[in-house]
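Observations on chain architecture
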Amino acid sequence: MPIERTLSIIKPDATRRNLTGRVNAMLEAAGLRIIAQKRLHLTTAQAEAFYAVHAARPFYRDLVTFMTSGPVVAQVLEGENAVARNREAMGATDPAKAAPGTIRKELAESIEANSVHGSDSAENAAVEIAFFFAGIEITG
Ligand code: GDP
């Protein structure tokens, strides 16, 4: 299986509830290595740019407001099939539909305040990692 990298974000609902360590433990238990990590408070322009792909969706403005409502923790995760492995660890977008043991099932508040973001493809992972990190900040 290929060693991949993916972008993860611990969202404001989770940082507010002091769950960064819990999320990190669940990611590590899933076989993912946190090879870069930083905490930051996104500006509206930054959140709009990151979620530009969702600009036409009805929840876009709410999503941008939520993602700027508090600090986030952006991370690069590395491991075998890291993109799919992280999506599996995260669970379904709607925590009510997420499988038991997943981060969203155990920790998320709602379909919007769902605690974590994870890239959905290797191609998007490369773009999203470059959005947050310079190469010199990633130590594999
Ligand atoms: P993901 O890949 O599982 O994160 O899901 P999407 O790419 O479809 O959506 C991006 C993010 O938008 C989700 O993680 C949620 O935070 C938010 N979101 C998705 N669907 C909805 C919705 O129906 N309502 C609201 N308010 N937010 C949503």
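Before reading on, note that the structure itself is shown above.
A short tour of the structure in this document, coming up. (Residues numbered from 1 in each chain as written. Predicted model: local features only at pLDDT ≥ 70, side-chain atom pairs only at ≥ 80, totals over all residues. Heavy atoms only, no water.)

**Brief notes about the pairing of strand 3 (residues 72–80)**
Most of strand 3 is tucked away, with eight of its nine residues classed as buried. Sheet topology places strand 1 (residues 3–10) next to strand 3; eight bridges connect them, and they run antiparallel. Directly across from Leu7, in strand 3, lies its bridge partner Val76. (Buried < 20%, exposed > 50% of the residue type's maximum accessible area, 1.4 Å probe, protein only. Helix = DSSP H or I, 4+ residues; strand = E, 2+ residues; numbered from the N terminus. Pairing = 2+ DSSP bridges.)

**Examining the packing of aromatic side chains**
Using the criterion set out here, one finds four aromatic pairs in the structure. A ring pair is formed by Phe50 and Tyr51, whose centres lie 5.1 Å apart and whose planes are at 85°; its orientation type is edge-to-face. Aromatic rings pair up to connect Phe50, Tyr51, Phe131 and Phe132 into one cluster. (Phe/Tyr/Trp six-rings, centres within 6.5 Å; stacked < 30°, edge-to-face > 60°.)

**Points about the pattern of salt bridges**
If the charged atoms of two oppositely charged side chains come close together, the side chains can form a pair. A full pass over the atoms with the stated rule returns six salt bridges. Put simply, Glu78 and Arg5 hold a salt bridge, and the shortest N to O gap is 2.8 Å. Taken together, the positions of Glu78 in strand 3 and Arg5 in strand 1 put the pair 73 residues apart, joining distant regions of the chain. For Glu78, a relative accessible area of 17% corresponds to the buried category. (Salt bridge = Lys/Arg side-chain N within 4 Å of Asp/Glu carboxyl O.)

**Quick look at the environment of Ile111**
Tracing the chain through its elements places Ile111 in the loop between helix 6 (103–107) and strand 4 (116–118). For Ile111, a relative accessible area of 52% corresponds to the exposed category. The spatial distance from the C-alpha of Ile111 to the C-alpha of Gln75 is 21 Å, given a sequence separation of 36 residues. Residues in contact with Ile111, not counting those within four places in the same chain, are Thr93, Asp94 and Pro95. (Contact = heavy atoms within 4.5 Å.)

**Observations regarding the site of the ligand**
Taken together, Lys11, His54, Arg57, Phe59, Leu63, Arg87, Thr93, Arg104, Ile111, Glu112 and Asn114 make up the full set of residues adjacent to the ligand. At 3.1 Å from an oxygen atom of the ligand is found a side-chain nitrogen or oxygen belonging to His54. Within the side chain of Asn114, a nitrogen or oxygen atom sits 2.9 Å from an oxygen atom of the ligand. In terms of residue class, the shell around the ligand is made up of three nonpolar, three polar and five charged. (Near = heavy atom within 4 Å. Polar contact = N/O pair within 3.5 Å; in protein donor to acceptor, adjacent residues only side chain to side chain. Nonpolar A, V, L, I, M, F, W, Y, C, P; charged D, E, K, R; others polar.)

**Topic: unusual backbone geometry**
In this model, Asn81 sits at a positive phi of 50°, which is unusual for a non-glycine residue. Considering the arrangement of structural elements, one finds Asn81 in the loop between strand 3 and helix 5 (82–90). Although it is not a glycine, Ser115 sits at a positive phi angle of roughly 70°. Checked against the element boundaries, Ser115 lands in the loop between helix 6 and strand 4. Relative accessible area serves as the criterion here: at 0%, Ser115 is assigned to the buried category.

**Focus: the sheet that holds strand 1**
The strands making up a sheet associate through backbone hydrogen bonding, with each pair oriented either parallel or antiparallel. If you trace the four strands from one edge of the open sheet to the other, you get 2-3-1-4, paired in antiparallel fashion. With one partner strand each, in any of the chains shown, strand 2 (33–40) and strand 4 form the two edges of the open sheet. Each adjacent strand pair in this sheet contributes to an overall mean axis angle of 20°, direction not counted. Bridge analysis of strand 1 against strand 4 gives three bridges, and the strand direction is antiparallel. The residue of strand 4 that forms the bridge with Ile10 is Val116. (Axes fitted to C-alpha atoms, helices over the stretch in contact; angles between N-to-C directions.)

In short, geometric facts, not functional conclusions.
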